[in-house]
Amino acid sequence: METRTPTAAGAAGVGRSGRIARAAASAASDRAVVTALCVGFFVVRLPFRAKFLVNWDAVNFALGITESFNLQHHQPHPPGYIGYVAVGRGLAWLTGEANAGLTLMSVIAGAVAPASLYLLARRFVDRRPALIAALLFGTAPLVWYYSVVALTYIVAAAVIVP
């Protein structure tokens, strides 16, 4: 009967599979954190959406959705924010109102942005500091404000961070 002794190649294989298992567990854990951040920030912000358009830019976005997309009339103001207005039109169709659609987009982006920051931070630091950074960002007053009004700033943050 032949007995096998562990070799360097065999030990390396076990180490590699262990690292793969740890990486898979870490990825699953990160997915759970991202999901919790998205759902948590969405649920917390949804009731606080602005009921009225907060400034002239928001009015121009709403006019670009409901009236006509016309940059000469500043509906919306240049450069036009074509993607923002297109998504806003779809959400306005779903919600029945331009402001409701635009603020829903802000709430979604305000939930995605901290989760994106968490994933970015995880490339450089461990889970705990990444989570702290995401929570501090998500609860910052300006981030909170722009997450509940019909403006582009939080949408830009959510798109740029990943």
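Before reading further, recall that the structure is shown in the block above.
First, a word on what this report is: a plain description of the structure on this page. (Residues numbered from 1 in each chain as written. Predicted model: local features only at pLDDT ≥ 70, side-chain atom pairs only at ≥ 80, totals over all residues. Heavy atoms only, no water.)

## A few points about the overall build of the chain
For the chain, the helix and strand inventory stands at 7 helices and 0 strands. Going from N to C terminus, the chain has its helices and strands arranged as α-α-α-α-α-α-α. Among the 162 residues that make up the chain, the fraction classed as buried is 34%. Taken as a whole, the chain presents about 9,700 Å² of accessible surface, with 68% of it coming from carbon and sulfur. (Helix = DSSP H or I, 4+ residues; strand = E, 2+ residues; numbered from the N terminus. Buried < 20%, exposed > 50% of the residue type's maximum accessible area, 1.4 Å probe, protein only. Areas by Shrake-Rupley, 256 points an atom, 1.4 Å probe, with all protein chains shown as cover.)

## Details of the nonpolar core
Ranked by size, the top nonpolar core spans 23 residues in total, and within it Phe61, Ile65, Tyr84, Leu102, Met105, Ile154 and Val155 carry the most contacts. Only α2 (56-66), α3 (82-95), α4 (98-122) and α7 (153-160) provide two or more residues apiece to this core. Broken down by element, the residue count for this core peaks at 6 residues, all from α4. In terms of nonpolar packing, the next biggest core, distinct from the first, is built from 10 residues, Val33, Phe41, Ala111 and Ala134 among them. (Core = buried A, V, L, I, M, F, W, Y, C linked by side-chain atoms within 4.5 Å.)

## Side note on the pattern of salt bridges
Evaluated as defined, the whole model comprises 2 salt bridges. Note that Asp30 is salt-bridged to Arg127, the shortest N-O span being 3.3 Å. One end of the pair, Asp30, is in helix α1 (residues 8-45); the other, Arg127, is in helix α5 (residues 127-139), with 97 residues separating them in the sequence. Linked through salt bridges whose partners overlap, the residues forming this network are Asp30, Arg122 and Arg127. (Salt bridge = Lys/Arg side-chain N within 4 Å of Asp/Glu carboxyl O.)

## Focus: α5
For α5, with 13 residues, the first-to-last C-alpha span of 18 Å sits near the 18 Å given by 1.5 Å per residue. Buried within α5 are the following residues: Ala130, Ala134 and Gly138. Axial view of α5: buried residues confined to an arc of 65°, hence all on one face. Opposite the packed face of α5, turned more than 90 degrees from it, sit the exposed residues Arg128 and Leu136. (Expected span 1.5 Å × (residues − 1). Arc of directions from axis to C-beta.)

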